[in-house]
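Here's the letter readout for the chains.
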Amino acid sequence: MKKNGMVFTILENMVAVDELDELIGDQHISNSYETPLRKDAFDISNEEKIRIISKHFREIMNTLGMDLADDSLNGTPGRVAKMFVKEIFSGIDPKNRPAIALFENKYRYNQMLVEKNITLYSNCEHHFVPIVGKAHVAYISSGKVIGLSKLNRLVQYYSQRPQVQERLTMQIANELKSILQTEDVAVVIDAVHLCVSSRGIKDANSSTVTAHYSGKFNREETRNEFLVLVK
Ligand SMILES: [Zn+2]
């Protein structure tokens, strides 16, 4: 009986762990603003990463029962691996962080600057399927300005890693604050998660909106002005 009891406890724990995984995935829970990375994340080269991912992706496809001898499928593992490392997850690597030059705000424009409808493609870190949406970012210059396209590039950089929308919002906001040397920033992201629309609950109509306001954007007036502009 004791033995059975032990087996039961082990099974119970296994079910619990499995359910916990589902729970974390479906609720999209994350507990850190930093992307969780190991210390040795960049000990191997990109070429080595592509080789390893390609090998494992081939195994995934094989396991699914696909015939990799087929001409149409043969190159897929290599393509996926290259796409992961060089494109959709390239923002994991700090070497790909966009270089951002600051300029003096010579014309003394001291109103808010809004870059709206920035196209956003990311991937859910719980399901590895796309997150597609728009980002709106704004700041009020403290005397420094940056090139407009750099705002798009920053959004892109932080999107190109496995993500959770709340963290993505914070990472963009924190980066803007640090680059522009101001607390006066706002970031709103409105995105569709394919893990919600194409699987699981299969709700194709809902989208997720996250917002971060700080500094002057905490004032109702300033925030409302921003929200009217991005409408
Ligand atoms: Zn997901």
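You'll find the structure just up there.
Report on the accompanying structure. (Residues numbered from 1 in each chain as written. Predicted model: local features only at pLDDT ≥ 70, side-chain atom pairs only at ≥ 80, totals over all residues. Heavy atoms only, no water.)

1. Regarding a nonpolar patch on the surface
A cluster of nonpolar side chains, contributed by Ile60, Leu64 and Met66, occupies part of the molecular surface with about 310 Å² of accessible area. Here Ile60 shows up in helix H2 (residues 46-63). (Patch = residues over 30% accessible without salt bridge, like charges linked within 9 Å, V, L, I, M, F, W, Y side chains within 5 Å. Areas by Shrake-Rupley, 256 points an atom, 1.4 Å probe, with all protein chains shown as cover. Salt bridge = Lys/Arg side-chain N within 4 Å of Asp/Glu carboxyl O. Helix = DSSP H or I, 4+ residues; strand = E, 2+ residues; numbered from the N terminus.)

2. Remarks on helix H8 (residues 220-230)
Listed in full, the buried residues belonging to H8 are Thr222, Phe226 and Val230. The buried side chains of H8 occupy one side of the element, clustering within an arc of 65 degrees when seen end-on. Pointing more than 90 degrees away from the buried face of H8 are the exposed residues Glu220, Glu221 and Val228. (Buried < 20%, exposed > 50% of the residue type's maximum accessible area, 1.4 Å probe, protein only. Arc of directions from axis to C-beta.)

3. Quick look at the sheet that holds strand S2 (residues 112-124)
In space, the five strands of this open sheet follow the order S5-S2-S3-S6-S7, with mixed pairing throughout. Two strands close off the open sheet at either side, each with one partner strand: strand S5 (162-163) and strand S7 (208-213). Where strand S3 (residues 130-140) meets strand S6 (residues 185-193), nine bridges bridge the pair, whose relative direction is antiparallel. The partner of Ile131 across the bridge, within S6, is His193. (Pairing = 2+ DSSP bridges.)

4. Considering the pairing of S6
Taking burial as the measure, the nine residues of S6 include seven buried ones, the bulk of the element. Pairing between S6 and S7: six bridges, direction antiparallel. Considered in S7, the bridge of Asp190 is made with Val209.

5. Structural notes on the packing of aromatic side chains
Given two aromatic rings, their pairing is described by the distance between the two centres and the angle made by the two planes. Scanning all chains against the criterion turns up six aromatic pairs. With 6.4 Å between their ring centres and 65 degrees between their planes, Phe84 and Phe128 make a pair best called edge-to-face. One end of the pair, Phe84, is in helix H4 (residues 76-88); the other, Phe128, is in the loop between S2 and S3, with 44 residues separating them in the sequence. For Phe84, a relative accessible area of 18% translates into the label buried. By relative accessible area, which is 43% here, Phe128 ends up partly exposed. Ring pairing ties together the aromatic residues Phe84, Phe89 and Phe128, which thus form one cluster. Sitting above the plane of the Tyr157 ring, Arg161 keeps its charged end 5.3 Å from the centroid. (Phe/Tyr/Trp six-rings, centres within 6.5 Å; stacked < 30°, edge-to-face > 60°. Lys NZ or Arg CZ within 6 Å of the ring centre and 35° of its normal.)

6. Quick word on unusual backbone geometry
Excluding glycine, residues mostly carry a negative phi; peptide bonds, for their part, are mostly trans. A positive phi angle, close to 55 degrees, is found at Phe128, a residue other than glycine. At Gln181, a position not held by glycine, the phi torsion is positive, near 50 degrees.

7. Points about the nonpolar core
Nonpolar side chains tend to gather and get buried jointly when the protein is soluble and globular. Counting 25 residues, the largest nonpolar core has Val137, Ile172, Leu176 and Ile189 as the members making the most contacts within it. Of all elements in the fold, only S2, S3, strand S4 (144-146), helix H5 (148-159), helix H6 (165-180) and S6 reach the threshold of two or more residues within this core. Top contributing element to this core by residue count: H6, with six residues. Contact partners of Leu176, with chain neighbours within four places excluded, come to Val137, Leu151, Leu154, Gln181, Val185 and Val187. One finds Ala138, Tyr213, Phe217 and Val230 within the second-largest nonpolar core, a separate group that totals nine residues. (Core = buried A, V, L, I, M, F, W, Y, C linked by side-chain atoms within 4.5 Å. Contact = heavy atoms within 4.5 Å.)

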